Amino acid sequence: MARTVKIGLVGPESTGKSTLGQWLAKQLGGTCIPEFARLYVGHLGRPYTYEDVCLIAEQNRKEALDGQGLCFYDTELIITKVWLDEVYHKRPEWVTEPIPGDCQMDGYLLLSPDLPAVPDPLRENLEQDARERLFQRYLHEIELTGKPFSVVRGDGEARLQAALQAVKCFSGLQ
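Residues numbered from 1 in each chain as written. Predicted model: local features only at pLDDT ≥ 70, side-chain atom pairs only at ≥ 80, totals over all residues. Heavy atoms only, no water.

1. Here's the deal with the side chain of E63
Argument step 1. Looking at the element boundaries, E63 is found in helix α3 (residues 50-66).
Argument step 2. For the buried E63, no salt bridge is present, and the opposite-charge side chain at shortest range is K62, 7.8 Å distant. (Helix = DSSP H or I, 4+ residues; strand = E, 2+ residues; numbered from the N terminus. Buried < 20%, exposed > 50% of the residue type's maximum accessible area, 1.4 Å probe, protein only. Lys, Arg positive; Asp, Glu negative; His and termini not counted. Salt bridge = Lys/Arg side-chain N within 4 Å of Asp/Glu carboxyl O.)

Printed below as a string of C-alpha cells:
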C-alpha cells in the first residue's frame, strides 16, 4: 500500500485553493478532497449556524482521519477552527489549540491573498484587510502544528510551480 501523505491547502477566500488542489492532484497522481463547507452551505437554503459549522468541523476531522495515499485537502480543520472563532467566538471542546494531532496534515500550503478576490454568493471577507488578517491567523495556526509548510505567492504558472516544488520538498516526493 502506498504511503499516506496529507497536504492541507489553507488561505483566505478566493486565493485559489480549489484550483491548486485539483491541479496538484493531477500532477502528482493524488486525490483532491473537495471543500465540504462549500458543498454543505451551498445546499442549506438558509444562513449557516454555529451547529452547521460544528458539523463541518466534524466532517473535516473525518476526512483527515480517512485520507489514503496522496491527498490534497481543499480547506481543512484549521480554516474551520478560525471560522468558528471569527464568527461565533467559540468552538467545540475537541477543536483545541493547536489542532488535534489526528487532524493535522503532513504539510501545509498557505496561499497568500495576493490574487484579486472573486466574489460569489458563498464567499465572505473579500476585503483585502480582512484577507490579510485571516492569512495571519492561518499562519499562526499552522505554526502551532509544527508541521512543514510553505507560503504560496504569485499568480498563474508561477503560483502552481511554487506549490508543486514545496509539496515535493516537504513531502519527500522528489
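The structure having been displayed, the exposition proceeds.
2. Thoughts on the confidence of the model for the protein chain
Argument step 1. On average, the protein chain scores 92 in pLDDT, and the residues at 70 or more come to 98%.
Argument step 2. Highest mean pLDDT in the protein chain belongs to strand β4 (residues 107-111) (97); lowest belongs to helix α6 (residues 156-171) (92). (pLDDT = per-residue confidence, 0-100.)

3. Here we look at helix α1 (residues 17-28)
Argument step 1. Between its first and last C-alpha, α1 extends 16 Å over 12 residues, near the 16 Å set by a 1.5 Å rise per residue.
Argument step 2. Every buried residue of α1 is accounted for by K17, L20, G21, W23, L24 and A25.
Argument step 3. On its buried face, α1 is in contact with β1 (5-10), β2 (31-33), β3 (70-74), α4 (77-88), β4 and α6. (Expected span 1.5 Å × (residues − 1). Contact = heavy atoms within 4.5 Å.)

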